[in-house]
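Per-entry structural report
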Amino acid sequence: MKINQNYSRLEESYLFSTIAQKVSAFQTDHPKTEIIRLGIGDVTLPLCSAVVQELHKAVEEMGHKDTFHGYGPEQGYPFLKASIRGHYAVRGVHLDPDEIFVSDGAKSDLGNILDLFDVDNTVLIPDPVYPVYVDTNLMAGRKIVYLDANQENGFLPMPDEQVKADLIYLCSPNNPTGAVYTKEQLKQWVDYAAYCGAVILFDAAYEAFVQEDDLPRSIYEIDGAKECAIEFCSFSKTAGFTGTRCGYTVVPMALQREGMSLNHMWLRRQTTKFNGVPYIVQKGAAAVFQEEGMQQIRKNIAYYQHNAKVIADTLTGLGIWYTGGKNSPYIWLKCPHEMKSWEFFDWLLQEAHVVGTPGAGFGKNGEGFFRLTSFGDQDKTAEAMQRIQKLLK
Ligand code: MLT
């Protein structure tokens, strides 16, 4: 018996688990201190009423013989796919229902999609980055080439034709930096992928936060993307489903490699290893893209965007460099006083009782940077900013 030795190449624990342990140890030592958490990007507003109503109806249906649902289609119920198609159509992107796969969230699919690709592929991953892309490839033993994202390129690295890649991860609006690619920049990525024969794994989990209309929210807004990109999206940040779990992945029919359809491969993989998202959850998710649901989630997103502005204004007032926050729920800032990321994390926790995410946890280029989330409660976010202002003035 041999175990998968690739696990020994991983960090001791997943970034957000490490942070949770540190915060919990601090709380145990200081039980009366009120800690404000702006670390993990977890939402704080409840599900909107249009969703809750549909969830209730679906629960009721499940309790009656004639409306009960057992196993559903592994790739999602047609009513939810229709709702997702409608959402894409607004941006001029037309999808076939069979190109949409409903899942329990972007994180699982981003990891699971690797089943489709040989371990000998070279993977291009920006640094800093959402740790899931790196860890899932390390677990499989794949070779990773890092792409430098830094202050100079606005944390939006562009392709380099000298570097040949087979798989490319892009996330826009970006986690952790909040930076957003323009259509022209994404077009360069699509052209580069076509040139290399590579596949882009495009994480669009934060698309709902894009405010500027000319910025792309889906890679399929770019010509040629259906031949080279898979897109991952989620109801987590869009509609507060972090605890409810529902997402979707788009694998276009036009995406073919070595005579195989990646859509058919993914269908084969999902029908074998996945039994679908609960009917109840899918009913709730379908309400998100209906008129009433859309109005309600827009209100919730505006609530978080207000937090982002409060954070951004505080940093501007303190003369601290940052990016993100405008078309993204994340604000990525340079640690004050030349501090290292974890040093600033500890200092902020000790002195202001505010939790953020150390940039170094997202890669070597994150060292010296720090991420704050706008997903907190408005009063607590304002209080956290007052504490930070007092500490840094
Ligand atoms: C984050 O804080 O980066 C996200 O919440 C992680 C995730 O979506 O899994």
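Provided above is the structure to which this section pertains.
1. Observations regarding the sheet that holds strand β11 (residues 322-324)
- Here four strands make up an open sheet; going across it, the order is β11-β12-β15-β14 and the pairing antiparallel. Each edge of the sheet is formed by a strand with only one pairing partner; in this case those strands are β11 and β14 (357-358).
- Of the strand pairs in this sheet, strand β12 (residues 330-334) and strand β15 (residues 369-373) are connected by five bridges, and their pairing is antiparallel. For Trp 332, the partnering residue across the bridge sits in β15 and is Arg 371.

2. Quick word on the environment of Leu 392
- Tracing the backbone shows Leu 392 in helix α12 (residues 378-392).
- Take Leu 392: its relative accessible area is 12%, and that puts it in the buried class.
- Taking the C-alpha atoms as reference points, Leu 392 and His 337, 55 residues apart in sequence, are found 9.4 Å from one another.
- For Leu 392, the residues in contact, after removing those within four places along its chain, are Leu 318, Ile 320, Pro 336, His 337 and Trp 347.

3. Side note on the pattern of salt bridges
- Enumeration according to the criterion identifies 14 salt bridges in this entry.
- Arg 91 is the partner of Asp 213 in a salt bridge, and the nearest nitrogen-oxygen pair spans 3.5 Å. In this pair, Asp 213 sits in the loop between β6 (199-203) and β7 (229-234) while Arg 91 sits in the loop between α3 (78-89) and β2 (100-103), placing the two residues 122 residues apart along the sequence.
- Looking at Arg 91, the relative accessible area reads 25%, which means it is partly exposed.
- With its nearest N and O atoms 2.9 Å apart, the salt bridge here joins Arg 387 to Glu 383. You can see Arg 387 and its partner Glu 383 sitting in helix α12, four residues apart, about one turn around the helix.
- Accessibility expressed as a relative area gives 16% for Arg 387, which makes it buried.
- Taken together, the shared-partner salt bridges in this structure form one network comprising Arg 91, Lys 183, Asp 213 and Glu 221.

4. Some thoughts on helix α2 (residues 49-62)
- For α2, which comprises 14 residues, the first-to-last C-alpha distance of 20 Å matches the rise-based estimate of 20 Å (1.5 Å per residue) to within 8%.
- Listing the buried residues of α2 in full gives Ala 50, Val 51, Glu 54, Leu 55 and Ala 58. Along the long axis of α2, the arc covered by the buried residues comes to 135 degrees, so they all point the same way.
- Check the buried side of α2 and you find it contacts α9 (279-288) and α10 (291-318).

Analysis parameters
Residues numbered from 1 in each chain as written. Predicted model: local features only at pLDDT ≥ 70, side-chain atom pairs only at ≥ 80, totals over all residues. Heavy atoms only, no water. Pairing = 2+ DSSP bridges. Helix = DSSP H or I, 4+ residues; strand = E, 2+ residues; numbered from the N terminus. Buried < 20%, exposed > 50% of the residue type's maximum accessible area, 1.4 Å probe, protein only. Contact = heavy atoms within 4.5 Å. Salt bridge = Lys/Arg side-chain N within 4 Å of Asp/Glu carboxyl O. Expected span 1.5 Å × (residues − 1). Arc of directions from axis to C-beta.

The analysis is restricted to geometry; functional conclusions fall outside its scope.
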